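# An overview of the molecular structure
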Amino acid sequence: MTLLPSDADTVPDPWQGAPTAQPTADPATDPLLAGLNERQLAAVQSQAEALLIVAGAGSGKTSVLTRRIARLLRDRELWPSQILAITFTNKAAAEMRERVGQLIGHEAAQGMWISTFHSACVRILRREAQQFGMTQAFTIYDSADSRALTKRIVKELQADTLGLTVPAVAGKISRLKNELIDADAFARQYNQNDPIEVMFLEIFRRYTAELARANALDFDDLIGQTVYLFRAFPQVAALYQRRFRHVLVDEYQDTNHAQYALIRELTRGVRPEHVPADTRIETDATGAIPPAKLTVVGDSDQSIYAFRGADIRNIVEFERDFPGAE
């Protein structure tokens, strides 16, 4: 098939729209669908606007997700540049890209974003850094950097005299950020009569200020800052909402609140004022672009990232959050 150009380092408006879908393939003769059972086949071929796939370990969930991506491309429902597939590890992302390439050809699969939450956010934030007062060359603090900064602030404030340890402080800051609660938000809800909470707030504020001074973000900021960017600058969010017309998420049961919020922002519809006059994406009667399609795959009996705030409610409440979901 002929693919329109897609530069992985730019975010053009997807003016190309979506190619015309081809007739549904016959499972009996289609090698892409070969070997799938009835439920797997239904998941791969579903046309749902929002699709939740729940199954246990070893049941072929990731294979179904990979074949779903391959089918979307092979059947010309989408261009590769309109697909964002999110995994939890770089290894899983590389394996998914390789498997899609094996199914439909590596050239045909070029242009997709298949990455972790954090890698996708880094790409977005570096492009849009000027929007929130940073430079594109911002530094990313890993856990050791964050721990060292926290340790210095705890020592300077003698917070240990109140029983505040570096691991406890670092863990609480991380949990709050995963709930999209920054220092200012925490200041609106903390107990002013509790000296420990007063001290923690001071540490949190200093930690935030030190990151800003260093033109740096920590690992937890990457997702939270992207959510903030989209909410504060809807015209920027619209660039990515127009580009990514199908978002697919593996291991959905491991998503925390910030990751869930990012998915929600990416799959929102685009208001008419943010739709270019020359767009080729189908619009509704008001001139708005409908929400992107969403496919999530998860195991409700397994959540390996619970310590990072993974919230099983994201699966349990999926149908409430995405009406009409299958």
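Attention in this report is confined to the structure presented alongside it.

## What to know about the pattern of salt bridges
All told, the structure shown has 17 salt bridges when counted by the stated rule. Between Lys 177 and Asp 221 there is a salt bridge, and its shortest N-O distance comes to 2.9 Å. Note that Lys 177 is positioned in helix H6 (residues 166–178) and Asp 221 in helix H9 (residues 221–232), a separation of 44 residues in sequence. In this structure, Lys 177 and Asp 221 share a single accessibility class: buried. Across the pair Arg 268 and Glu 265 runs a salt bridge, and its minimum N-O distance is 3.3 Å. Among the residues examined, Arg 268 registers a relative accessible area of 37% and is labelled partly exposed. Through salt bridges with shared partners, one network takes in Arg 152, Glu 156, Glu 202, Arg 206, Glu 210 and Arg 213.

## So, the sheet that holds strand S3 (residues 113–116)
Read from one edge of the open sheet, five strands run S1-S7-S6-S2-S3, paired in parallel fashion. In the strand order of this sheet, the two ends are held by strand S1 (50–54) and S3, each with one partner. Each strand of the sheet is rotated relative to its neighbour by a mean of 15°, with strand direction disregarded. Bridge analysis of strand S2 (residues 83–87) against S3 gives four bridges, and the strand direction is parallel. When the bridges of S3 are listed, Leu 84 appears paired with Trp 113. Each of S2, S3 and strand S6 (246–249) is contacted by helix H4 (residues 117–128), which is oriented at about 110° to S3, the strand it contacts most.

## Re the layout of surface pockets
If you roll a probe as big as a water molecule over the atoms, it shows you where there is empty space left. Of the voids in this model, the second largest pocket is the one considered here, and its volume is about 570 Å³. Going through the elements one at a time, helix H8 (195–213), strand S5 (216–218) and H9 are the ones with two or more residues in the lining of the second largest pocket. Ranked by residues supplied to the lining of the second largest pocket, first place goes to H9 with six residues. Its residues assigned to classes, the lining of the second largest pocket shows twelve nonpolar, four polar and five charged.

## Looking at H4
Over its twelve residues, H4 runs 17 Å from end to end, which matches the ideal 16 Å to within 8%, given 1.5 Å per residue. The buried fraction of H4 is high, at nine of twelve residues. Listed in full, the buried residues belonging to H4 are Phe 117, His 118, Ala 120, Cys 121, Val 122, Ile 124, Leu 125, Arg 127 and Glu 128.

## Focus on unusual backbone geometry
Despite not being glycine, Asn 215 has its phi angle at roughly 55°, a positive value. Position of Asn 215 relative to the elements: it lies in the loop between H8 and S5. For Asn 215, a relative accessible area of 19% puts it in the buried group. Phi at Glu 251 takes a positive value of approximately 50°, unusual for a residue other than glycine. Considering the arrangement of structural elements, one finds Glu 251 in the loop between S6 and helix H11 (257–266). Of the residues examined, Glu 251 reaches a relative accessible area of 25% and is grouped as partly exposed.

## Description of helix H2 (residues 61–74)
For H2, spanning 14 residues, the distance from its first C-alpha to its last is 20 Å, which sits close to the expected 20 Å at 1.5 Å a residue. Along H2, twelve of the 14 residues are buried, which leaves the element largely enclosed by surrounding structure. Listed as buried for H2 are Lys 61, Ser 63, Val 64, Leu 65, Thr 66, Arg 67, Arg 68, Ile 69, Ala 70, Arg 71, Leu 72 and Leu 73. Buried residues along H2 sit against helix H1 (38–45), S1, S2, helix H3 (90–104), S6 and strand S7 (293–298). Positive phi appears at Arg 76, one or two residues downstream of H2, with a value of about 60°.

## Considering the packing of aromatic side chains
According to the stated counting rule, one finds eight aromatic pairs in the structure shown. For the ring pair Phe 186 and Phe 200, a centre distance of 5.2 Å and an interplane angle of 80° mean the geometry is edge-to-face. Placement of Phe 186 in helix H7 (residues 183–187) and of Phe 200 in helix H8 is noted, with a sequence separation of 14 residues between them. The burial state of Phe 186 is the same as that of Phe 200; both residues are buried. Taken together, the ring pairs in this structure connect Phe 186, Tyr 190, Phe 200 and Phe 204 into an aromatic cluster. Geometry around Phe 138 places Arg 126 over its ring, the cationic atom sitting 4.2 Å from the centre.

Reading guide: rules and limits
Residues numbered from 1 in each chain as written. Predicted model: local features only at pLDDT ≥ 70, side-chain atom pairs only at ≥ 80, totals over all residues. Heavy atoms only, no water. Salt bridge = Lys/Arg side-chain N within 4 Å of Asp/Glu carboxyl O. Helix = DSSP H or I, 4+ residues; strand = E, 2+ residues; numbered from the N terminus. Buried < 20%, exposed > 50% of the residue type's maximum accessible area, 1.4 Å probe, protein only. Pairing = 2+ DSSP bridges. Axes fitted to C-alpha atoms, helices over the stretch in contact; angles between N-to-C directions. Contact = heavy atoms within 4.5 Å. 1 Å grid on protein atoms, 1.4 Å probe; cavity = no way out; pocket = protein on both sides within 12 Å on 5 of 7 lines; lining within 4 Å. Points joined across faces, edges and corners; volume = space filled by probe spheres on them. Nonpolar A, V, L, I, M, F, W, Y, C, P; charged D, E, K, R; others polar. Expected span 1.5 Å × (residues − 1). Phe/Tyr/Trp six-rings, centres within 6.5 Å; stacked < 30°, edge-to-face > 60°. Lys NZ or Arg CZ within 6 Å of the ring centre and 35° of its normal.

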